[in-house]
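A structural walkthrough
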Amino acid sequence: MADKQFEDDDPMELVGTFIEGDDESIEEMGLTFVEELARMDWSQEQIFTTFADPFFRGPHTVYRAKGPEFVKSLIRAVMGTSNPVGRQEPLHVIREEMSRADFVPLSALNRPH
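A few points on the structure. Quantities reported herein were computed from a predicted structural model and do not represent experimental measurements.

Rules used in this analysis
Residues numbered from 1 in each chain as written. Predicted model: local features only at pLDDT ≥ 70, side-chain atom pairs only at ≥ 80, totals over all residues. Heavy atoms only, no water. Helix = DSSP H or I, 4+ residues; strand = E, 2+ residues; numbered from the N terminus. Buried < 20%, exposed > 50% of the residue type's maximum accessible area, 1.4 Å probe, protein only. Contact = heavy atoms within 4.5 Å. Areas by Shrake-Rupley, 256 points an atom, 1.4 Å probe, with all protein chains shown as cover. Phe/Tyr/Trp six-rings, centres within 6.5 Å; stacked < 30°, edge-to-face > 60°. Lys NZ or Arg CZ within 6 Å of the ring centre and 35° of its normal. Axes fitted to C-alpha atoms, helices over the stretch in contact; angles between N-to-C directions. Parallel < 35°, antiparallel > 145°, perpendicular 65-115°, else oblique. Left-handed = near helix turned anticlockwise from the far one by under 90°.

Here we come to the overall build of the protein. Scanning the protein from N- to C-terminus turns up five helices and zero strands. When the helices and strands of the protein are listed from N to C terminus, the series reads α-α-α-α-α. Per-residue burial over the protein gives 32% buried out of 113 residues. A fraction of 67% describes how many contacts in the protein between residues 6 or more apart in sequence connect residues 24 or more apart. Total accessible area on the protein is roughly 7800 Å²; 54% of this is exposed by carbon and sulfur atoms.

Right, here's the structure in full:
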């Protein structure tokens, strides 16, 4: 327990995070975020918006490191199937699918929310 009450303007407040990792771990992290948000029944547009928003530091780290097209391809890989949240394929299989897939704008998919 803290020795003093927390204050709104406390200079020791945590204001940032540092996520260390190589390309593969950043990709795996991005895939995990997409799967988790899909399991919460978020739409593809909501998931992409989360990655693009700096407020969400984890997903935004993936967005900055890998770019918006990579994030869109992750979303397609997870949600562009008949079983969007039940994928069990390893990341290298999903990467192979992403390299073959043509880009489809998220707004064109018209998936139910």
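Now, onward.
Attention shifts here to the packing of aromatic side chains. Tallied over the full model, the rule gives three aromatic pairs. Ring geometry for Phe48 and Tyr63: centres 6.0 Å apart, planes at 70°, overall edge-to-face. Residue Phe48 is located in helix 2 (residues 44-52), and its partner Tyr63 is located in helix 3 (residues 57-66); the two are separated by 15 residues in the primary sequence. Across the ring face of Phe70, the terminal group of Lys66 is positioned such that the distance to the ring centre comes to 5.4 Å. The ring centre of Phe48 lies 5.3 Å from the NZ or CZ of Lys72, which sits over that ring.

Turning to the packing of helix 1 (residues 23-39) against helix 3, a few remarks are in order. When two helices pack together, their arrangement is given by the angle between the helix axes and by the axis-to-axis distance. Look at helix 1 against helix 3: their axes get within 9 Å of each other, and the N-to-C directions meet at 130°. When the interaxial angle is binned, helix 1 and helix 3 end up oblique. Judged by the sense of rotation from one axis to the other, the crossing of helix 1 with helix 3 is left-handed. Note on element contacts: helix 3 touches helix 1 through Gly58, Pro59, Thr61, Val62, Ala65 and Lys66, opposite Asp23, Ile26, Glu27, Met29, Gly30 and Phe33.

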